[in-house]
Amino acid sequence: MPTAVAAPRDAKLYKPEVPPDWCPGCGDYGVLTVLQRACGELGIPNEQLMVVSGIGCSSNLPGFFKSYGMHSLHGRSLPVATGTKMANHEMTVIACGGDGDGYGIGQGHFIHAMRRNVNITYIVMDNEIYGLTTGQTSPTSETGMKTKSTPHGNPEGQLNPIALALAAGCGFVARGFSGDINHLKSLYTQAIQYPGFALIDVFSPCVTFNKQNTFGWFKERVYKLEDKGHDATNWNSAMERSKEWGAQIPIGLFYKNPNPKPSIDAADPALQGEGLAKAKKLGLSAEQRKKLIEEYV
Amino acid sequence: MVGIGGAAGDGGASTADNLALTSARQGLHVYVYTSYQSLIRGGHSWIRLRISTKNVNNVNDQVGAMIALNQDSMDRHLQELGKGGICVYNGDKIKPGKAPEGVQLCPLPVFELAGKDALPIMQNTVALGALTGLLGLEFHSLESVFEHTFKKKPQVVKANVDAAKAGYDFAVKTYKKVSNPLGKTDAKLAMVHGNNMIALGAANAGLKVYCAYPMSPASGVLHWMGAHGPSLGICVRQVEDEIGVANMTIGAAQMGVRAMCATSGGGFALMTEAIGMASIMEIPLVMINVMRGGPSTGLPTKQEQGDLNQAIGASQGDFQRIIMAPTSIADCYTSMEEAFNLAEKFQMPVLYLSDLLMSEGHMTLETSFLDREFKIDRGEMIFEDDGNKAYYRYKDTPSGVSPRAIPGIPNHLYVSATDEHDDDGVTISDVYTDPVTRKRVVDKRERKMAGVLAALPKPKLEGPADADTTIVTYGSCWGVVNEAVERLNKEGIKCNHLSIKFLVPFQEKEVTELLKGKKNIIVVEMNKGGQFARHLRAETGITATGKVLKYDGEPYEPKHVVAGIKECLKGKKVVEAESLEPGWRTPHPPGPGVLSTSSAH
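Quick caveat: nothing in here was measured; it's all calculated off a predicted structure.

Moving on to the overall build of chain B. Scanning chain B for helices and strands turns up 19 helices and 24 strands. In summary, chain B has a C-alpha radius of gyration of 26 Å against a globular reference of 25 Å for 601 residues, a match within 12%. For chain B, the spread of C-alpha atoms along the principal axes amounts to about 85 × 60 × 45 Å. Counting across all 601 residues of chain B, residues that qualify as buried make up 56%.

Here you go:
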């Protein structure tokens, strides 16, 4: 069920008393600010938002966002977020975290959440490094990159989350850049309104531990898919674009399924009424119980 | 007790089901346990059905009648029959062994009775009809089972009824009935297994979200949920792994629904990090661990109570949780009412230890026992905006329980974190240091455990209270030990039984009081290390004078317990019981029936 667009609200309404404690200049500030603006633009009441994260610098986001939230375990934001959506499908559920959280330890859930197609928005603050543990190589670190855990250069391959998402059947695949706030906001509003699983991988530079993929580095390289006439309804060309990395790196909407199937929560026969959490009376009715017992007689 | 032996895929299970239902329809109580291999086709499976006019909770020592569906079963089990026993088999195909003294061999001319064109599976029906007659069961009970089972296929009903009747008439005319034919009672009975009781109990307790990954012997719960969830308004998700299962269940529970997951030891190991999350976030949920033989993949289709240590240590730090173990298949049902109420009242995970014996064991229960509305006590919850502008999710209260607002209502926003947090849910993990808050919030959560302890039903001695020997058990050993204790008392060995259902928090005061002054304290459990005896000592300082242990994969029979207790009374510290009948021995030739060897995960 797409979130109905209500009257816009002030982005300040999503700012709690607790200020973010990320390093000055961290890309995550942009990600947070834009999320507050996007929710304001869509007019989503604070209490109708559930923001679920894993563990890592970026996963501290729910603490800096005024809504219901869960700051869960490392790598587990997606199953936790899926559970919240199953229990109350009327709420807007946003999962977030970093590249280590989502593409490393949480990789298995990432693939299956997309295959399962639960109607949530997943924001990955991708800084190509483990920040909170003070700078080790991550699944999206470039091959050869020198980090604390790979002082002689990262010997492993670099994960391509966009191609992976496309292959896993994700119906909404986008990439944003924390250095381009207005562009990012439009991706967020589209993703939240998309009636299925939506991935936004956001370049969110780590100013402390990643001296390679800096704001400047990205600024020199990123270009917007929409400026190059990319057709976001074409899965094959999305896959082609996803391979671009180096001098030119695309951001924007890679793919949006023009004919999405109902998400798992929309299709689940148990979730056709109001949110399960709103049930007033619990337990079986006398008739239900009798009928079930009769099966064993 | 009746034994039915055959290869997986021979139809032994449905033959046993039909016999059990036939008996239940006459008001006879039935207990069924199947010893089987982790094979999809072939191998050997031995189903024991104990049928009685009285309630039965466990297998007995000896088989009085058997059906051999193949030669292997004849070879393995014929010698287990005692005097007066009967062995029914297809005389066209199976060569009889040498019958023990007083055992009646009852070959059936299946081709003649079922007709030459009958499907091979009809041998089972003929044999079942014959056994029905020889046990003194009424034919119309069996007939009504076929009518019920195949109600949409009248021609199948007729074919089965005809074959069964031919077997019944032939056997009654040709052979002697058992010396004590089965009677009947007026009881209205349902034939259930523990996994069904966990599932039905959860539904009756208001379950709304169920998550699982397939794992024997817990998958029966998932199957029930898959079949019934949609019509009952229960959201059922099969998740990619048990880590996802636990986390998804917790996410759902946080929103204010009753949520549950079930697995076995290996899957439970993967869930353990999430248990700590539920504990520090104060989220109620029920996690079922259906124990099987361990360690690691261990014995996927065999019984063991080996996961108590794992449950006790199932997360890092001081984490609050309740650990309980139902004591019978019936208790698997009732315990769901308690489990959800405790979880929600005290906002913590409940770890529920079932085992293969209960979860896959079948038995009859009175329909009136099942047909009962559960009491639902959700504790302190906030479902609507009460205008409170100063809501703190983790408010420090005398009981330690903080009123829980369900997400979605205005003016109660909060973030639950796995990081340590204050009353408002704001993390204190990133501040310089905050020893005062840290200590206070740990104490607040731990305070809930005292509330749990006060809410638990008190443990009781069963049997003569003044006996100076007490047998202490937990979980599924309850039934067989009760029977053993009854026998020992009849033999003049005075003893009683203390069955512990709640392992954490442990009712130290009550248990210590009940065991005060006992000369012999004998723990009976099913593992090698004596995990429960160790837990008893850790919680009370009481060291068992003797331990009876079994970890060979097969359940206790009363004789094992009786013999073990007698050995302990003679001064033995540890008795390791074993199932030693020749039929249990391996290697036995696997036979030509083995088609595949896919192991149950």
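After that view of the structure, there is still more to cover.
This brings us to the overall build of chain A. Scanning chain A for helices and strands turns up 10 helices and eight strands. Relative to its length of 297 residues, chain A is compact, with a C-alpha radius of gyration of 20 Å against a globular reference of 19 Å. In terms of principal-axis extent, the alpha carbons of chain A reach across some 70 × 45 × 40 Å. Taking all 297 residues of chain A together, 53% fall into the buried category.

What the seven strands build is an open sheet, ordered S9-S8-S10-S11-S13-S12-S21 (chain B); its pairing is mixed. Looking along the sheet, the strands with just one partner apiece sit at the ends: strand S9 (235-238) and strand S21 (502-504) of chain B. Strand-to-strand twist in this sheet, taken as the mean axis angle between neighbours without regard to direction, amounts to 20°. For strand S10 (residues 258-263) of chain B and strand S11 (residues 285-291) of chain B, the ladder comprises four bridges, and the chain directions are parallel. In the sheet register, Ala 262 of chain B faces S11 of chain B, and the bridge partner there is Ile 288 of chain B. Packed on one face of the sheet, helix H2 (residues 77-87) of chain A meets strand S8 (207-212) and S9 of chain B and runs near 150° to S8 of chain B.

Glancing now at helix H4 (residues 107-116) of chain A. Among all positions of H4 of chain A, only His 109, Phe 110, Ala 113, Met 114 and Arg 116 of chain A are buried. For H4 of chain A, the angular spread of buried residues about the axis comes to 165°, placing them on one side. Buried residues along H4 of chain A sit in contact with H2, helix H3 (99-105), helix H5 (161-167) and helix H9 (264-267) of chain A together with helix H9 (242-254) of chain B. Backbone geometry just after H4 of chain A places Asn 117 of chain A at a positive phi near 55°.

Attention now goes to the domain arrangement of chain B. Residue and element names in this part refer to chain B. Each assigned domain of chain B is listed here: domain 1 (2-187), domain 2 (192-370), domain 3 (380-455) and domain 4 (461-583). Counting residues at the interface gives 22 residues for domain 2 and 20 residues for domain 4. Secondary-structure elements contributing two or more residues to the side of domain 2 that touches domain 4 are helix H11 (308-312), strand S12 (322-324), strand S13 (349-355) and helix H13 (356-360). Broken down by class, the residue content of the side of domain 2 that touches domain 4 amounts to 11 nonpolar, seven polar and four charged.

Here the focus is the sheet that holds strand S3 (residues 42-52) of chain B. All names here are of chain B. Across the sheet, which stays open at both edges, the eight strands sit in the order S6-S5-S4-S1-S3-S2-S14-S7 with mixed pairing between neighbours. The open sheet has two edge strands with one neighbour each: strand S6 (104-108) and strand S7 (189-193). On average, each strand axis in the sheet is inclined to that of its neighbour by 20°, with strand direction left out of account. Note: strand S4 (residues 63-68) against strand S5 (residues 81-90), five bridges, orientation parallel. Each bridged residue has a counterpart across the sheet, and for Met 66 the counterpart in S5 is Cys 87.

Counting 261 residues, the largest nonpolar core has Val 173 of chain A together with Val 126 and Ala 130 of chain B as its most contacted members. In terms of residues, this core owes the most to one element, helix H12 (residues 329-346) of chain B, which gives 10 residues. Sequence-distant contacts of Ala 130 of chain B, that is, excluding residues within four places in its chain, are made with Val 88, Cys 106, Leu 108, Gly 167, Tyr 168, Phe 170 and Ala 171 of chain B.

Each side of the interface is counted separately: chain B has 58 residues, and chain A has 47 residues. Per-element tally for the side of chain B that touches chain A: the top contributor is H9 of chain B, with nine residues. Residues belonging to the side of chain B that touches chain A are distributed by class as follows: 32 nonpolar, 16 polar and 10 charged.

This part covers the packing of helix H1 (residues 28-42) of chain A against helix H6 (residues 181-193) of chain A. A pair of packed helices can be characterised by two numbers: the angle between their axes and the separation between those axes. Residues and elements named next belong to chain A. Where H1 contacts H6, the axes come no closer than 9 Å and their chain directions differ by 50°. When the interaxial angle is binned, H1 and H6 end up oblique. Between H1 and H6 lies a crossing of right-handed hand. Contact residues: H1 offers Gly 30, Thr 33, Val 34, Leu 35, Arg 37, Ala 38, Glu 41 and Leu 42, while H6 offers Ile 181, Leu 184, Lys 185, Tyr 188, Thr 189 and Ile 192.

Let us now look at the pairing of strand S1 (residues 49-53) of chain A. Residues and elements named next belong to chain A. Counting buried positions along S1 yields five of five residues, so the element is predominantly enclosed. Alternating residues of S1 divide into Leu 49, Val 51 and Ser 53 and Met 50 and Val 52, and every residue in both groups is buried. In terms of strand pairing, S1 meets strand S3 (residues 92-98) through five bridges, oriented parallel. Bridge pairing in S3 links Ser 53 to Cys 96.

In this section: helix H16 (residues 478-490) of chain B. Residues and elements named next belong to chain B. With 13 residues, H16 should reach 18 Å at 1.5 Å per residue; the first-to-last C-alpha distance of 18 Å fits that figure. Trp 478, Gly 479, Val 480, Val 481, Asn 482, Glu 483, Ala 484, Val 485 and Leu 488 are the residues of H16 that are buried. Among the structural elements, strand S18 (461-462), strand S19 (469-474), strand S20 (496-500), strand S22 (520-525) and helix H19 (558-569) are those in contact with the buried residues of H16.

Residue and element names in this part refer to chain B. Looking at where Phe 346 falls in the secondary structure, it is placed in helix H12. The exposure class assigned to Phe 346 is buried, which follows from the 24 C-beta atoms found within 10 Å. Not counting residues up to four positions away in its chain, the partners in contact with Phe 346 are Val 401, Lys 448, Gly 451 and Val 452.

On to unusual backbone geometry, then. Geometrically, the link from Ser 216 of chain B to Pro 217 of chain B is a cis peptide bond, its omega value of 0° lying close to zero. Secondary-structure assignment places Pro 217 of chain B in the loop between S8 and helix H8 (219-232). Each neighbour pair has its own omega, and for Gly 294 of chain B with Pro 295 of chain B the value is -5°, a cis peptide bond. Within the secondary structure layout, Pro 295 of chain B lies in the loop between S11 and H11. Phi at Asn 117 of chain A is positive, roughly 55°, even though this residue is not glycine. Note on placement: Asn 117 of chain A falls in the loop between H4 and strand S4 (121-126).

This next bit is on the pairing of S3 of chain A. All names here are of chain A. Counting buried residues in S3 gives seven out of seven residues, a clear majority hidden from the surface. Residues Thr 92, Ile 94, Cys 96 and Gly 98 point to one face of S3 and Val 93, Ala 95 and Gly 97 to the other, with burial holding for every one of them. Two elements, S3 and S4, share five bridges in a ladder whose sense is parallel. The residue bridging Ala 95 from the neighbouring strand is Tyr 122, located in S4.

Per-chain confidence: chain B averages 95 in pLDDT, with 97% of residues scoring 70 or above. The complex model carries a pTM of 0.96, and its ipTM stands at 0.98.

Let us look at the environment of Cys 477 of chain B. Residue and element names in this part refer to chain B. As for its placement among the helices and strands, Cys 477 is situated in the loop between S19 and H16. Between the alpha carbons of Cys 477 and Gln 79 there is a distance of 27 Å; along the sequence they are 398 residues apart. Among residues more than four places away in sequence, those in contact with Cys 477 are Val 524, Glu 525, Met 526 and Tyr 556.

Residues and elements named next belong to chain B. In this structure, Arg 447 sits in helix H15 (residues 435-455). Each C-alpha atom, one on Arg 447 and one on Leu 536, is 22 Å from the other, the two residues being 89 residues apart in sequence. What Arg 447 contacts, discounting residues up to four positions off in sequence, is Ser 399 and Gly 400.

Here is what the cut-offs are and how they apply
- Residues numbered from 1 in each chain as written.
- Chains lettered and ligands numbered in written order.
- Predicted model: local features only at pLDDT ≥ 70, side-chain atom pairs only at ≥ 80, totals over all residues.
- Helix = DSSP H or I, 4+ residues; strand = E, 2+ residues; numbered from the N terminus.
- Rg over C-alpha atoms; globule rule 2.2 N^0.38 Å.
- Buried ≥ 20, exposed ≤ 12 C-beta atoms within 10 Å, placed from the backbone.
- Pairing = 2+ DSSP bridges.
- Axes fitted to C-alpha atoms, helices over the stretch in contact; angles between N-to-C directions.
- Contact = placed C-beta atoms within 7 Å.
- Arc of directions from axis to C-beta.
- Domains from an automatic or database assignment.
- Nonpolar A, V, L, I, M, F, W, Y, C, P; charged D, E, K, R; others polar.
- Core = buried A, V, L, I, M, F, W, Y, C linked by C-beta atoms within 7 Å.
- Parallel < 35°, antiparallel > 145°, perpendicular 65-115°, else oblique.
- Left-handed = near helix turned anticlockwise from the far one by under 90°.
- Expected span 1.5 Å × (residues − 1).
- pLDDT = per-residue confidence, 0-100.

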